[in-house]
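Each chain is listed here by its residues.
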Amino acid sequence: MVNNILTSEQAKNISIDEIYSNLSTNNKGLSENEAKTRLERYGYNEIPEKKVSPLVKFLKNFWGPIPLMIEIAAILSIIIQHWDDFAIIIAMLFINGIVRFWEENKADNAIELLKEKLALKAEVLRDGNWIELEAREIVPGDIVHLRLGDIIPADVKLISGEYLTVDESVLTGESLPVDKKISDIGYEGAIIRQGEMDGVVVGTGLNTFFGKTTQLVEEAKTRSHFQKATVKIGNYLIIIAIALVAIVIVVGLVRAESFFKLLQFALVLMVAAIPVALPAVMMVSMAVGAVELAKKKAIVSKLLSIEEAASMDVLCCDKTGTLTKNQISVAKVIPFGNYTEEDVILYGGLASKVESRDPIDDAFFDKIKESTQINSVFSKYQLISFKPFDPIVKRTEAKVKDENDKEFQVSKGAIQVILSLVKNDQDLQNIVNNQGKDFASAGFRALGVAKSNNQNTWEYIGIIALHDPPREDSLDTIKTAKSLGVNVKMVTGDHIEIAKQIAGKLGIGSNIVLSSGIIGKDDPETIRLVENADGFAEVYPEHKYHIVELLQDKDHVVGMTGDGVNDAPALKKADIGIAVSNATDAAKSAADIVLTDPGISVIINATQESRKIFERMKSYAIYRIAETVRILIFLVLSITIFALYPITAIMIVILALLNDLPIMTIAFDNTRVAIKPVRWKMQRILIISSILGIAGVLFSFSVFLIGKFIFQLGIATLQTFIFLKLAVAGHMTIYLTRTEGDNFWKRPFPSKILFITCESTQLIATIFAAVGIFMPPIGWVYAGFIWLFALLVFVGNNFLKTAVIKWLNRRDAKKLTNEF
């Protein structure tokens, strides 16, 4: 065999012995040194992405409708020999390119960070020990352990175990699962639906049969509420801009103004008015927020899911590992017949497997280690074959051999499932049922253990009570969730009595519904039952999908947690699919948010952070609409009514440049957490921003009239006077829009970077106007008057804003009352 990576076709045609001899040193797996050598030789197990150089990325920002309009305006400045205009327009072109490059780079860096945190893991045999590695670090010859819910990390040849049922739909498009046995090839990217086997890696990276076919972190291409909102805002502003600029052009042509000068002004006005940065600023806000969420142990796999998390009003939460500690321990053992407690622990341990790293299996192994006697007996048995836990079958099964080479089977699982294996015995059935109820009422989960006898029939060995205590933070976190308007519903596969007991302790409520009462039903009564339920018991993974569906029918934004491969459909169906910290690769790939720490507190932290991000995006949207309305309407009315250009083209360019800097820092602003789930209310946003914009128009005309008739300023000086008012008052508007329902002096105060940037740009505009840079000077006295006027207007607009919001709140409350 050649000493090279095996292709899939080669791997199919060689024996397992040949694979071991050529790719693996022995049955202990590769040594670390050999693995390092192979990593250097074959490279990481990944498909290299096509990298775009920073220079190309930067230059791309100078191509497109908006840059082209700026470039045409610059050319027109040369034609009409306005060299100052030309210099500033070119500066605008470069600054616009730099800002867009920075925003894109910031978002790209955040996404790369999230990709790293969501990297696939693989369980690998190295130097005789099973260790967890990132999938990109495995090399040809590594022996990997594959089990239910894993995404196969590389092309592997299966070498031990009974079978795998594999979903290859992401590779082939074939929806039916495929069965794999020893010597078959498992392809990278396929999802394991059933079974547990070991395989030797025969292809990595570019040498896999299908190449890299799954990717956890992605930017969703579907149109979300966020994208719809962005389109609506953009369309609203573009329509206003086109209509008003068209009026300016028509009026100018009627007045026989210079066509080139008129066209230059119109182009510059369009560039300043169209919200080209709107999608980028909002995407950067989400990217920066996603990094903050990662610090709080919640990895966002789809940036747009941040908005959905802010809107979530129902959270369907798994009990085990999220509300409880997932530190399962054996609380009590009830043996049957002539068997002892030690026998129950021993046979339960034989029906487990170390590599599975299952919490219940670990509970048995911990109990075995506590007893020297059981441990010494346990070590004498040899595992021949093992069927791992299946959420449908609800039990494990193993074939073992004792020291006398006698083979028998052992199984552990749900007590009723184990009961179905043994000979029908009414007395035993009554004992099992009663004991199960007793355990459930005490909050314990019951697990049955059975073994086959000499006649190859099953015997019930006994029942074990498993205890998984609630997490210390769950009670307080659920109270916090309720205060935020999030209704937490517990979802568990356990007995209804266990569910009621845990739900009661955590303050969730006692209205627990059996899944059997809602499955297959979608009538209004069932929907109402699900909506009013505090939790669901005896739930199978496929039931979760239906629960989500029924809640969404009532217009709820639903979050659903999950960890297993069968949870994937429900995670995809939910508005926010949340893979918990111990989730399988398949669940993580289906989820919108992946938790790296256990507990519900991580989810609530993510919800709070998402609402902060939403508030920043809404703040920017209101500010951008208000500013566009204010400047455009004021300019057009001044030109049409007074036949006067209130500011020059170069002043518009400077305003646009100065506006770009604070806009970049909105993503880092301090903001409060909304006490209720938030959604895009476009009518409300357009009303608030339009009223602020129209108020800005009236105050701008006040400055225009004061400057012209009271101060009797010349036209050139009057233009500088108005420019300073637009610059100073415009940036003060940011402080108004960042606190929708409160006065501007209420906490939280602006972040340092936002405050410093806003005040710096206002200071720059003041110096330009007072001293006369790129415009005639007005002096410090008139500059001081503008500041005083702008501050008074700012306070007046603050009270106008709060009055409008109070009116909107009353209107919405009345509308809601009428609906009921």
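Here we summarise the structure given alongside this text. Every value quoted in this text rests on a predicted model; they were computed, and no experiment measured them.

Cut-offs applied
Residues numbered from 1 in each chain as written. Predicted model: local features only at pLDDT ≥ 70, side-chain atom pairs only at ≥ 80, totals over all residues. Heavy atoms only, no water. Helix = DSSP H or I, 4+ residues; strand = E, 2+ residues; numbered from the N terminus. Buried < 20%, exposed > 50% of the residue type's maximum accessible area, 1.4 Å probe, protein only. Contact = heavy atoms within 4.5 Å. Core = buried A, V, L, I, M, F, W, Y, C linked by side-chain atoms within 4.5 Å. Polar contact = N/O pair within 3.5 Å; in protein donor to acceptor, adjacent residues only side chain to side chain. Phe/Tyr/Trp six-rings, centres within 6.5 Å; stacked < 30°, edge-to-face > 60°. Salt bridge = Lys/Arg side-chain N within 4 Å of Asp/Glu carboxyl O.

### Structural notes on the overall build of the protein
Next up, step 1: Looking only at helices and strands, the protein features 29 helices and 21 strands.
Next up, step 2: Looking at the protein as a whole, 54% of its 820 residues qualify as buried.
Next up, step 3: Contacts in the protein between residues at least 24 apart in sequence constitute 72% of all its contacts with a sequence separation of at least 6.

### A short note on the nonpolar core
Next up, step 1: Among the nonpolar cores identified, the biggest contains 123 residues, and L315, L323, I600, I647, I722, F723 and L724 are the most heavily contacted of them.
Next up, step 2: Sorting elements by how many residues they give to this core places helix α24 (residues 600-642) first, with 21 residues.
Next up, step 3: With residues up to four places along the chain from it excluded, the contact list for F723 reads I647, M651, I654, L655, A765, A769 and M775.
Next up, step 4: Membership of the second largest hydrophobic core comes to 28 residues, among which are I527, L571, A587 and A591.

### Considerations on the side chain of N453
Next up, step 1: Topologically, N453 is positioned in the loop between β14 (445-452) and β15 (458-467).
Next up, step 2: A relative accessible area of 19% places N453 in the buried class.
Next up, step 3: At a separation of 3.1 Å, a polar atom in the side chain of N453 contacts the side chain of E459.

### Describing the packing of aromatic side chains
Each aromatic ring pair is summarised here by two numbers: the centre-to-centre distance and the angle between the ring planes.
Next up, step 1: Under the criterion given, the structure shown has 19 aromatic pairs.
Next up, step 2: With a centroid separation of 5.3 Å and an interplanar angle of 65°, the aromatic rings of F336 and Y460 are classed as edge-to-face. Remark: Y460 occurs in strand β15 and F336 occurs in the loop between β10 (329-335) and α13 (341-350); sequence separation between them is 124 residues. Each member of the pair, F336 together with Y460, is buried.
Next up, step 3: Arranged with centres 5.8 Å apart and planes meeting at 85°, the rings of F711 and F721 form a pair that is edge-to-face. Highlighted residues: F711 in the loop between α26 (682-710) and α27 (715-737) and F721 in helix α27, separated in sequence by ten residues.
Next up, step 4: For F711, a relative accessible area of 25% gives the class partly exposed.
Next up, step 5: Linked through ring pairs, F711, F721, Y782, F785 and F789 together constitute an aromatic cluster.

### Re the pattern of salt bridges
Next up, step 1: Applying the stated criterion to the full structure yields 13 salt bridges.
Next up, step 2: Two residues, K367 and E370, come together in a salt bridge whose shortest N-O distance is 3.8 Å. Of this pair, K367 and E370 both sit in helix α14 (residues 359-370), separated by three residues, roughly a single helical turn.
Next up, step 3: Relative accessible area serves as the criterion here: at 30%, K367 is assigned to the partly exposed category.
Next up, step 4: Salt bridges here are not isolated pairs; linked through shared partners, they connect K319, R445 and D494.

Keep in mind these numbers describe shape, not what the thing actually does.
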